[in-house]
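Read off the chains here:
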Amino acid sequence: MGFNERSRQHDEDALGLVESAFRELGFLVFPYGIEQLPELQRVLRGLHNGTSKMLRYRPDRVAVKPGKGTLLLGVKSEGGRSPNFAVEFDAWDAARMWNQDARRVLYVFVDLLSRDVLACWPEALSPRKVFVPRRGDLLRVKSLLPPGAVARWYPAVRGSGTAFFLVSKSDLQSLREALGPEWKSTTTS
């Protein structure tokens, strides 16, 4: 499957499943990702300071539960052929910055084959091995790794070309479990 078809699957199928799952829980969902601002996306490419990273890798959607609160949703999808999801290392680092003093960003993972919507908080993820397709990123990524993690140059990877790590589907929770009791109040009509 080519990049354009994979992007279409994510944008139409995965985001639709996420929006539906959150609506069932009483949330309103709105677009938010950097794709909304192509010029800003272009200007930020290659910048790695905290603010640039938080803007470039800002979450895909905003979920608002009226009278309760707001979450930013980083949506990841996989076609159903792998036991893992891929998470961009810099996006994970940015999400942890967003969540430094409060839970603002929730990762939502969609298995497009089973149509399962899974989730976890970024700080619950601890990459053990980071794949780095561009050799020039290797030293920078190594400097940001959590203790015990390794980064390896891996030029054979197709895709965006950014460093990533794998998250096992079996390590994730259902959306309801990940949200926890604080978000399970009555739904809106």
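All figures in this text were calculated on a predicted structure; none of them were measured in a lab.

Peer 1: Explain the pairing of strand E2 (residues 61-65) to me, and be specific about the residues and the numbers.
Peer 2: For E2, the tally of buried residues reaches 4 of 5 residues, placing the bulk of the element in the interior. Pairing geometry for strand E1 (residues 28-31) and E2, over 4 bridges, is antiparallel. Across the sheet, the residue bridging to Val-29 is Ala-63, located in E2. When E2 meets strand E3 (residues 69-78), the two strands line up antiparallel, connected through 5 bridges. Paired with Ala-63 across the two strands is Leu-71, which belongs to E3.

Peer 1: Could you give an account of the confidence of the model for the chain, with specific residues and numbers?
Peer 2: In the predicted model, the chain carries a mean pLDDT of 87, and the fraction of residues at 70 or more is 89%. Mean pLDDT across the elements of the chain ranges from a minimum in helix H3 (residues 50-56), with 76, to a maximum in strand E6 (residues 116-120), with 97.

Peer 1: Pulling in residues and values, what's your account of the pattern of salt bridges?
Peer 2: As enumerated under the stated definition, the model contains 8 salt bridges in all. Residues Asp-101 and Arg-104 are paired through a salt bridge, measuring 2.8 Å at the closest nitrogen-oxygen approach. The class of Arg-104 is partly exposed, set by a relative accessible area of 33%. Each member of the salt-bridge network shares a partner with another, and the members are Glu-78, Asp-111 and Lys-169.

Peer 1: Just give me the short version of the packing of aromatic side chains, but keep the residues and values in it.
Peer 2: One pair of aromatic rings is described through two measures. These are the centre distance and the angle between the planes. Counting across every chain of the model gives 8 aromatic pairs. Geometrically, the ring pair formed by Phe-131 and Phe-164 is stacked, given 5.1 Å between the ring centres and 20 degrees between the ring planes. One end of the pair, Phe-131, is in strand E7 (residues 129-132); the other, Phe-164, is in strand E9 (residues 164-168), and 33 residues separate them in sequence. The same class applies to Phe-131 as to Phe-164, namely buried. Cluster of aromatic residues (ring-pair linked, three or more members): Phe-22, Phe-27 and Trp-183. Note that Arg-135 overlies the ring of Trp-153, its terminal NZ or CZ placed 3.8 Å from the centroid.

Rules behind the numbers
Residues numbered from 1 in each chain as written. Predicted model: local features only at pLDDT ≥ 70, side-chain atom pairs only at ≥ 80, totals over all residues. Heavy atoms only, no water. Buried < 20%, exposed > 50% of the residue type's maximum accessible area, 1.4 Å probe, protein only. Helix = DSSP H or I, 4+ residues; strand = E, 2+ residues; numbered from the N terminus. Pairing = 2+ DSSP bridges. pLDDT = per-residue confidence, 0-100. Salt bridge = Lys/Arg side-chain N within 4 Å of Asp/Glu carboxyl O. Phe/Tyr/Trp six-rings, centres within 6.5 Å; stacked < 30°, edge-to-face > 60°. Lys NZ or Arg CZ within 6 Å of the ring centre and 35° of its normal.

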